[in-house]
Each structure stands twice: as structure tokens, then as C-alpha cells.
Amino acid sequence: MDEGESGRPRARSDAQTPQSPTGRNRARSDAQAPQSPTGRNRTASDADYISPTRGASGVDDGQEGTARRRSSVASRRSRVSGVPSLAPRTTLAQRTQGKFTLAGPDETPQLRLAQEPFVQPGYADLNPSYEQPSNARPVWSLAKPLPRVVRSGMVPTKEELLQNLANAQRPVENSQRYGLDVDPNDVEQGRIDKTNDPRKMAAQVEDARLQREQNFMNKILTGDGQSMRQTSRMSRRMSRASSQRRSMRGRRPANWEQPDNLSTVEEGESQDNDEPGERPAFDENEEDFPEQGLEERMDDLLPDLEKTGYPEDLHPLVQELVEDEVHNNHTTWSVIRTHHREALAEALAVFVQLTMGFCVDLSVTCANQGNPNTTSWGWGLATMMGIYISGGVSGAHMNPIVTIVLWFYRGFPKRLMPEYFAAQFLAAFCAGLCAYGIYYQSITNYLLLNADSGIITSFVTSQRETWIGPATAFFNEFIGTAFLLVTVLALGDDQNAPPGAGMSSLIIGLVISCLCMTFGYQTGAAFNPARDFGPRLALLAVGFPSTMFTNPYWFYGPWAGALCGGFFGAFLYDFFIFTGGESPVNYPWERTERAMTKEVMKWKHRVHLG
């Protein structure tokens, strides 16, 4: 292949190169001598056609090869002499659109279309769940950004709304008490300037919250609150319609024509005959909302979680999405699987992850050779596989600490937590038995010449050396779990720098490998109560001594250390970076206190203490 056949795009010979110091401006010579006897100057018709191979351009092979060589030499000379390139130049800011991030480029529509599979016509009719969007219900997954949900601390109660209505105040009244001249619109939208006096910032924050809640109250009392209950249904139908359009793409009949009887709506108009730009407002001097029957209207329009049949931790809008979800259910088992799909998927992911992790530890131990980092890579890749297996169904927490932290900081439904815990611990127990059965003969041969401590440490974590004290072991698990949860929440934050589709699983696997290499020497790096407690019970069941539970590390390491570290790591991320209202760190303190008080009262009522 000669120089003209390189992978770089070739510049056209009739392109303009202004201000060429060499005097070889080919475009100028082409314009002045269109009838050159050499035949190398193209006419206007030739310039309109560019052959991919340049073989049919009317130039013989010898002349074409000469032109290619001259073009290559000229391009090299232009680079050496500093002549601008023929290709348009772009800056780094233009190519990245100002997004200087190490997380990679954003997903493009072309990339999404390339990943769509072939769907045979009629498949969705027999499998209706395939047509619904993937985000039909919230999934707190480690494989994609975490959902954004409305929690009790974000929404005022009916009593608070009535109190605000009775004691209505002027906009930015709290700010004006401190002599601040601020715009109410800027305050409502969160544009608050920093100041050395925290009381002034707190006053503006209070004004912003009251304005938002007052607008929310006005929508409810004027009847617009009914649209809140229809929001989920409308978004559900729009999502389903968009998915149907995607599935119908490329399947239109040949005689399809655009219907010409579609109704149109002019800009600024609505089908409800509302005046454009009209917005309900509340004035304490006006009696737009009569006090008579106000509480009855609130009961009708405002969803009251305590009086409905919804679960306590599930918002009514989300409940409607879940109720509208469709399923295939071709067999009796499919019905059972539908009601326990998250727990079953979680159990399968934990079983695969821990079985592979225990086996890689046993392979290094029984061989009496190998680099300890081999086990770190094995645990990381096993975690990646587990997330790929059930990340879109259960979220692939594979760790009770992750489940608890996502409940406290991100609104994971607490009604699902018992199922998740049972699946995680039971799958860890079965994984210990499976790995022991696979390596039974190798373990038996190993125990003929070695003590059983090597086999035990292949399944459970502990102080690997005698000089490691309880405090060191505790903080080893504490810091490692804190770093793990910081990374998990960062990858799940859609306003930070979420990786591309499918990359979260790989990244978390690499994070686990890094954490095992960093903290595995001293304790074995559990970071997970199920990963340590399940195999302890499995070894106890196959005949190993109960001395595994005499060392209290099994409690203050994988349990206390990991739990405290997980909560601390999540607090660090939300305190420094996260801005969503679903985190208790971003709640007003009185709302957090109210939610905790209500939770304590409910538990007291359940256990008949009051």
C-alpha cells in the first residue's frame, strides 16, 4: 500500500489552501487553467464526484499514483512548513463541549439505537412486559444511576399545610428581618449568596422552602393537585407509546401515509381552555379558598399515607406505577417468581459471587503458591458477574450494608429489606457449602499435611496476624466499607458523572479488587456481614470446630465495623457532594425529627407498647 492509501482521509486536490508560502496553490491553478492538456485539472463536473477508490476519475493508474505521491509529499511539506491543515480545526473545549471529565463521553442516540435488539413482530403481544420501559418501577441498582424518590421529609403534612395557610407570610419575610434585599424568585429557585452570617443564609433557605410549599398548597387547593395523581399514569403511557414507536420502527407498511386529520394546538394554548401563563396565586387578603370545608378538600386532594392502603415507605405516585406494571406469567412458577423476583435475583447473584470468591481463595491455599493479589482480582471479577446477573432486577446489592445504607440515604423500600437479608445470608451459606463440595478432595489432601487454619481463612475473615489488635481490625473494615459506599453512591448519582450503560458493574468490580488489595492483608477484607457469617455456619455444618465464634472479631469486624463504615461513607458523600432531597443530610432538621418520631410511634404501636 502506497502513501496515498493510508487510513487518514485524503484532502481533495481542488480544495483551497489560502496564503500558501510555497506558491503551489492548486485551487488557484485549477481556476486559471481549466483546460490543461495534462488532464490533471478537473472540471466542475469532475469536482462533484469523488470516487472511494479514485479509480474511475478519468485518470490512468500511472498519473493517479503520481498525483497521490505528490499530494502526500505536499501534505508533509505543509505540516513541516506550518501551513494550516485542510481539515477544520477544533479546540478541546469544542470537542468536549466544555465537559472536562474522566468519566467518558455521554451516550448518543446513535449508540442507543445500535444497541437495540431485533424484535420479531408479535413478540410483544405474547410477552407484554417487554414493551414497558425499563424504569417502570424504581430499582436501587448498582448497575445504573439510583432512582429519585419522594420521601416523607421532603413533603409537608396536611397539618403543616393548614398551619401555613392560617399563618401566611409575605415572600422573603424572614430575609427582610435581617435587612436583606433579595429577589423572591431567586430565593425560591435556590440562588442564595454566601455570607459570613449563617443566620442570613438560614433565613433565605427558610423563605425558599416556604415558597415552594405554598405553591404546592395552591396547586392542591385549586384542584391542580389532581394532576399529581395522574402524573404517573401519563408518564407511564408516554413511555409505553415511545417504546411502541421504537418497536414499530422499520415495520411500517409500504402504503402507509401520514394522516391529515390530526388536531393541532396553537402555541400558548391548551386543550383545557386555560389562559396561557395563568398561575394560581394566594393572597392572605383574598378569600379565594373558603375556610369552610377546607380540611375535607385536603383529605380528597392530598394523598394521606396513613389512611391509604399503600405501604408506608412507598409514595402513591410510585405505587400507581407498580400497580400498572404488566407481567408475562406463562406458568404457575412465573407468578411466584413475579412476587419474589427481587429476592430470588439477589440470592442468585450472591451465590455466584461468593462461590467464585471462595473457590479462588481455596485454589491459592491448596496449591501452596500464588500471589495473594490473585484472590483480589478473583473477588472483583466475581462481584462484576453478580451485578451483571441481577443488577436490573434486584439491584445486586449482595451486601446487607449496601441495602441498609440505600434504605436510610436513598429511600430503598424497607418492606423489601427482610427478603433481601434472608436471600443474602442463605445464598452465602449455600455458596460456602458448594465451594467446599467442589474442593472437597483438594481440601482433604491439604489437611493431611497442614493445619485447618488455611482452609478456614479461605472462607472467613479474621485477624491474619497475631499482632493485629481489635482496634486495627475494626478500623480496617470501617475504612474499607466507607470507601466502598462512597464509590457506590458516586456511581449512582446521575448528577455527578455516571458511567455509560453497563460500565458500573465493571467499575465496582475493579473497586472491590482495589479494596481487597489495600485492606486484605490484615483481616481478609470482608466489608460484608453475609460474606463472613454465611460460610462460618457452612464450615460449622460440615464439621469444623466452633472456635470460629470464640474470637469476637466475627462481630466487631464484618458486622459493627462494616455497618458503621457504610453509614459514615454515605454521610461523607452526601455531606460534601450529593444535593438530592431524598438524603436525610439534606432534610430540614425538624422534618427529620418528625419522620423519626412517627417511625418510633409506629413501632411502639406494633409491639403494643403504647
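Reading the values: rules and limits
- Residues numbered from 1 in each chain as written.
- Predicted model: local features only at pLDDT ≥ 70, side-chain atom pairs only at ≥ 80, totals over all residues.
- Heavy atoms only, no water.
- Helix = DSSP H or I, 4+ residues; strand = E, 2+ residues; numbered from the N terminus.
- Buried < 20%, exposed > 50% of the residue type's maximum accessible area, 1.4 Å probe, protein only.
- Areas by Shrake-Rupley, 256 points an atom, 1.4 Å probe, with all protein chains shown as cover.
- Salt bridge = Lys/Arg side-chain N within 4 Å of Asp/Glu carboxyl O.
- Phe/Tyr/Trp six-rings, centres within 6.5 Å; stacked < 30°, edge-to-face > 60°.
- Lys NZ or Arg CZ within 6 Å of the ring centre and 35° of its normal.
- Contact = heavy atoms within 4.5 Å.
- Expected span 1.5 Å × (residues − 1).
- pLDDT = per-residue confidence, 0-100.
- UniProt positions renumbered as here; feature names shortened; annotations may be inferred.
- Axes fitted to C-alpha atoms, helices over the stretch in contact; angles between N-to-C directions.
- Left-handed = near helix turned anticlockwise from the far one by under 90°.
- Nonpolar A, V, L, I, M, F, W, Y, C, P; charged D, E, K, R; others polar.
- Patch = residues over 30% accessible without salt bridge, like charges linked within 9 Å, V, L, I, M, F, W, Y side chains within 5 Å.
- Disulfide = S-S within 2.5 Å.
- Polar contact = N/O pair within 3.5 Å; in protein donor to acceptor, adjacent residues only side chain to side chain.

Undergrad: Can you walk me through the overall build of the protein in this structure?
TA: Summing up its helical and strand segments, the protein has 25 helices and zero strands in all. Here the protein holds 610 residues, and the buried ones make up 34% of them. Carbon and sulfur atoms make up 55% of the accessible area of the protein, which amounts to about 37100 Å² in all.

Undergrad: How should I be thinking about the pattern of salt bridges in this particular structure?
TA: A side chain of one charge can pair with a side chain of the opposite charge when the charged atoms of the two come close. In total, this model carries eight salt bridges according to the counting rule given. Ionic pairing is found between R148 and E582, a salt bridge with its closest N-O pair at 3.6 Å. Here E582 lies in the loop between α24 (553-576) and α25 (589-606) and R148 lies in the loop between α6 (123-126) and α7 (158-166), a separation of 434 residues in the sequence. Here the residues in one salt-bridge network are R148, D493, D494 and E582, joined through shared partners.

Undergrad: Mind showing me how you'd approach the packing of aromatic side chains here?
TA: Aromatic ring pairs are described here by two measures, namely the spacing of the ring centres and the angle between the planes. Counted according to the given criterion, the structure contains 27 aromatic pairs. What links up through ring pairs into an aromatic cluster is the set F425, F533, F549, W554, F555 and W559. One Lys or Arg, R410, reaches over the ring of F578 and ends 3.7 Å from the middle of that ring.

Undergrad: Quick question: what am I supposed to make of unusual backbone geometry here?
TA: With the exception of glycine, the majority of residues adopt a negative phi angle, and the majority of peptide bonds are in the trans configuration. With phi around 55°, A396 is a residue other than glycine that occupies positive phi space. Phi angles above zero are rare outside glycine, and M398 is one such case at about 55°. As for its position among the elements, M398 is in the loop between α16 (372-390) and α17 (400-410).

Undergrad: Whenever I open this one, the side chain of D493 confuses me. Can you help?
TA: Note on placement: D493 falls in the loop between α21 (470-491) and α22 (503-523). If near-sequence neighbours (up to four positions away) are discounted, D493 is found in contact with R148, P498, Y573, I577 and F578.

Undergrad: How should I be thinking about the environment of G469 in this particular structure?
TA: For G469, the position within the fold is in the loop between α20 (453-459) and α21. Put simply, G469 and Y553 are 84 residues apart on the chain and 9.8 Å apart in space, counted from C-alpha to C-alpha.

Undergrad: Got a minute to help me understand α21 in this structure?
TA: Taking 1.5 Å as the rise per residue, α21 with 22 residues should run 32 Å; its terminal C-alpha atoms sit 32 Å apart, in good agreement. Of all the positions in α21, only A473, N476, E477, F478, G480, T481, A482, L484, L485, V488, L489 and L491 are classed as buried. Where the residues of α21 are buried, they touch α17, α22 and α24.

Undergrad: Before we go on, may I ask you to explain the confidence of the model for the protein in this structure?
TA: Reading fine detail from the predicted coordinates is not recommended where pLDDT is low. Taken residue by residue, the protein gives an average pLDDT of 74. The fraction at 70 or more is 63%. By mean pLDDT, helix α2 (residues 44-47) is the weakest element of the protein at 42, and helix α18 (residues 417-438) is the strongest at 97. Here residues 1-61 is modelled with pLDDT under 50, and outside its nearest four sequence neighbours on either side it reaches 45 contacts, counting other chains as well.

Undergrad: Help me out: how do you make sense of the UniProt feature "transmembrane region" (unreviewed entry) in the protein in this one?
TA: The UniProt record marks residues 385-409, 421-439, 467-491, 503-521 and 553-573 with the feature "transmembrane region" (unreviewed entry), using the residue numbering of this structure. Annotated as 88% helix and 0% strand, the span residues 467-491 places its first and last C-alpha atoms 37 Å apart.

Undergrad: I tried to follow the packing of helix α23 (residues 529-541) against α24 on my own but got confused; where do I start?
TA: Think of two packed helices as two axes; the pair is described by the angle between the axes and how far apart they sit. Close contact between α23 and α24 brings their axes to 8 Å; oriented N to C, the two are set at 145°. Judged by the twist between their axes, the crossing of α23 over α24 is left-handed. Here P529, D532, F533 and R536 of α23 lie close against α24, whose contacting residues are Y553, W554, P558 and W559. Looking at the contact of α23 with α24 residue by residue, the class counts come to six nonpolar, no polar and two charged.

Undergrad: It is not clear to me how a nonpolar patch on the surface should be interpreted in this structure. Could you clarify?
TA: Together, F568, F571, F575, F576 and I577 line one region of the surface with nonpolar side chains, adding up to about 540 Å² of accessible area. Relative to the helices and strands, F568 resides in helix α24. Since its relative accessible area comes to 37%, F568 is described here as partly exposed.

Undergrad: Just checking my understanding: could you explain the state of the cysteines for this structure?
TA: Covalent bonding between the sulfur atoms of two cysteines defines a disulfide. Enumeration over the complete set of coordinates arrives at zero disulfides. C434 supplies the cysteine sulfur nearest to C359, a cysteine that is in no disulfide, at a spacing of 6.5 Å. C430 carries a free sulfur, and the closest cysteine sulfur to it, the one in C434, is 9.0 Å from it. Owing to a relative accessible area of 34%, C430 belongs among the partly exposed residues under this scheme.

Undergrad: It is not clear to me how the side chain of R531 should be interpreted in this structure. Could you clarify?
TA: Structurally, the position occupied by R531 is in helix α23. A polar atom in the side chain of R531 sits 2.8 Å from the backbone oxygen of F459. With near-sequence residues (within four places) excluded, R531 lies in contact with L354, F358, D361, W379, F459, V460, T461, A525 and A526.

Undergrad: Explanation requested: helix α15 (residues 341-367) in the structure shown.
TA: Because an α-helix completes one turn every 3.6 residues, residues spaced three or four positions apart along the sequence face the same direction. Along its 27 residues, α15 runs 39 Å from first to last C-alpha, staying within 8% of the 39 Å computed at 1.5 Å per residue. N368 lies just past α15 and shows a positive phi near 55°.

Undergrad: Please explain the environment of I507 as it appears in this structure.
TA: When you line up the elements, I507 lands in helix α22. Linking I507 and A143, residues 364 residues apart in sequence, is a C-alpha distance of 9.5 Å. The residues touching I507, leaving out its near neighbours within four places in the chain, are L491 and P499.

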